Amino acid sequence: MKLDNDLLIRASEGKDVERTPVWLMRQAGRILPQYRAIRNSLSGFKELVETPELAAEVTIQPVDILGVDAAIIFSDILVVPEAMGLPYQMIEKKGPWFENTIQSIKDVNDLVIPDVNDQLSYVLDAIKITKNELDGRVPLIGFAGAPWTIFSYMIEGQGSKTFSKAKKMLYSNPELSHKLLQKITATTIKYLKAQIKAGADVVQVFDSWAGILSHQQYLEFGIKYVKEICDAINEVPITVFSKGAYFARKELGELNCNTIGLDWNMDILESRALIGQNKTLQGNLDPCVLYSDFKSIENQTNQMLCKFGKNRHIANLGHGVYPDISPDKVICFIEAVKSYEH
Ligand code: CP3
């Protein structure tokens, strides 16, 4: 289907744009009262994720209410470990929790590389419904967690400040670690390809915990598998967001992907120099800027846009929008991007 607004696609491909496209990581859910209303009528987060019609509805809310230039499918990176054999729960005010984790090679061998069309059909159905309802207004972004980030949850069984159990596994049992990362990678490639077949116009790989690894570990256990994913996906533009991996920007720039996401600690001009001219950059306003007043949000957004330049940039925050940010502040950021003249 032809897109009415294809700014994000053109920016990803390095083509000229009239203005910078803008969307926000974690725009679906978290901040909109209209999301909370649907969410509160259900048993929990999982029911929403697993009900395609409702997942499609909350995916489109930010397009209607905030005016973003892309939708991101409402789902979670944790559907992948679940489809491989480790079910998760989303505990209110606490976050994800896995009853079973990976501790031994037997645990790794027991995991399956699922038939994604069967095990993850609810995500693919949500994508099909969303594409239909968007009717070409804006592109739809599909996504998955990067192998290292999924590995962390599989070992730890929940969030962590240090992810020391997951890091310990890399140091103490590299063989098991590689075997597990390989299995996650194989699943992720199948899953992203299925999302694209279902209608995703762009895909993003979230490596949320990249920044807790050393440079050496990230090359060996992180980027290696992200590279396999990038090399396998040629159908649509692909974005890699490795949060905190400032030390690996040069290697990220060598990936076979279109776009690199920057967090707010990554200096824009330095990142451009390290990553090179052939990638689109996405980001990277500090999410906390949206706690300041409207004028400051506009000023900071303008400064950011000036540094990135007109082409090869997709405006976004440097990480997901925080749950207690007022939608008016988000709209202020979006409007500042839309009205900026380079
Ligand atoms: O971007 C979007 O809005 C689309 C949907 C989306 C969700 N999770 C919905 C969600 C996306 C892209 C994600 C990705 C995700 N999930 C990441 C990578 C991105 C990042 O922020 O670094 C990670 C690490 C997770 C794992 C996860 N899911 C955690 C740690 C939590 C609990 C805390 C939190 O972030 O809210 C979730 C729950 C979750 N995923 C919610 C939403 C809307 C909140 C659940 C609720 O409604 O109660």
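Look above for the structure.
Here we summarise the structure given alongside this text. Keep in mind the model is a prediction, meaning the values are calculated, not measured.

Cut-offs and rules
- Counting of residues starts from 1 at the beginning of each chain's written sequence and follows it residue by residue.
- Only residues with pLDDT of at least 70 are given local features in this predicted model, and only at 80 or more are side-chain atom pairs given and counted; all residues enter the totals for whole chains, interfaces and linings.
- Side-chain metrics rest on all non-hydrogen atoms present in the structure, leaving aside hydrogens and water.
- Numbering of helices and strands runs from the N terminus; a helix is a DSSP stretch of H or I covering at least four residues, while a strand is a stretch of E covering at least two.
- In this description the radius of gyration comes from C-alpha coordinates, and the expected globular size is given by 2.2 Å times residues to the power 0.38.
- Type-normalised accessible area, obtained with a 1.4 Å probe on protein chains alone, sets the label of each residue: buried when under 20%, exposed when over 50%, and partly exposed for intermediate values.
- Any pair of residues with heavy atoms lying within 4.5 Å of one another is described as a contacting pair.
- Classification of ring pairs rests on two measures: the distance between centres of Phe, Tyr or Trp rings, Trp counted by its six-membered ring, which must be within 6.5 Å, and the angle between planes, read as stacked under 30 degrees, edge-to-face over 60 and tilted in between.
- Look at NZ for Lys and CZ for Arg. If either is within 6 Å of the ring centre and within 35 degrees of the ring normal, a charge sits over the ring.
- One requirement defines pairing of two strands: DSSP has to find at least two bridges between them.
- For this analysis, a polar contact is any N or O atom pair within 3.5 Å, provided that within protein one partner can donate a hydrogen and the other can accept it, and provided that sequence-adjacent residues contribute only side-chain to side-chain pairs.
- Any residue with at least one heavy atom within 4 Å of a molecule or strand is counted as near it.
- For this classification, the nonpolar set comprises Ala, Val, Leu, Ile, Met, Phe, Trp, Tyr, Cys and Pro, the charged set comprises Asp, Glu, Lys and Arg, and every other residue, Gly included, is treated as polar.

**Section: the overall build of the protein chain**
Alright, step 1. Within the protein chain one finds 16 helices and 9 strands.
Alright, step 2. Computed over the C-alpha atoms, the radius of gyration of the protein chain is 19 Å, within 12% of the 20 Å expected from 2.2 N^0.38 for a compact globule of 342 residues.
Alright, step 3. Each principal axis of the C-alpha distribution contributes one length, and for the protein chain these read about 55 × 45 × 35 Å.
Alright, step 4. With 342 residues in all, the protein chain has 59% of them scored as buried.
Alright, step 5. For the protein chain, the share of sequence-separated contacts (at least 6 apart) that also reach a separation of at least 24 residues comes to 75%.

**A word on the packing of aromatic side chains**
Alright, step 1. By the definition in use, this model includes 11 aromatic pairs.
Alright, step 2. Judged by centre distance (6.4 Å) and plane angle (15 degrees), the ring pair of Y291 and Y322 falls under stacked. With a gap of 31 residues between them, Y291 in the loop between β8 (280–285) and α15 (294–308) and Y322 in the loop between β9 (313–317) and α16 (327–339) connect regions that are remote in the sequence.
Alright, step 3. Feature note: the residues Y35, F45 and F74 constitute an aromatic cluster, connected by ring pairs.
Alright, step 4. Just above the ring of Y88 sits the side chain of K46; from NZ or CZ to the centre is 4.3 Å.
Alright, step 5. The ring of F294 carries K329 above its face, with NZ or CZ at 5.2 Å from the centroid.

**Points about the pairing of strand β4 (residues 140–145)**
Alright, step 1. Taking burial as the measure, the 6 residues of β4 include 6 buried ones, the bulk of the element.
Alright, step 2. Side chains L140, G142 and A144 project from β4 onto one buried face, and the interleaved I141, F143 and G145 project onto a second face that is buried too.
Alright, step 3. Here strand β1 (residues 71–72) pairs with β4 via 2 bridges, running parallel. Of the residues in β4, the one forming a bridge with A71 is L140.
Alright, step 4. Two elements, β4 and strand β5 (residues 202–207), share 5 bridges in a ladder whose sense is parallel. For I141, the partnering residue across the bridge sits in β5 and is V202.

**Regarding the side chain of S271**
Alright, step 1. Of note, S271 is situated in helix α14 (residues 268–275).
Alright, step 2. We classify S271 as buried; its relative accessible area is 0%.
Alright, step 3. Of the polar contacts made by the side chain of S271, one reaches the backbone oxygen of D267; its length is 2.6 Å.

**Some details on the site of the ligand**
Alright, step 1. By nearness alone, 21 residues border the ligand, and R26, R30, Y35, S208 and H319 come closest of all.
Alright, step 2. Contact between the ligand and R26: an oxygen atom at 2.7 Å from a side-chain N or O atom of the residue.
Alright, step 3. Between the ligand and the protein, one listed contact pairs an oxygen atom with a side-chain N or O atom of S208 at 2.5 Å.
Alright, step 4. Elements represented by at least two residues in the shell around the ligand include exactly α2 (33–40) and β3 (95–98).
Alright, step 5. Residue composition of the shell around the ligand, by class: 12 nonpolar, 5 polar and 4 charged.

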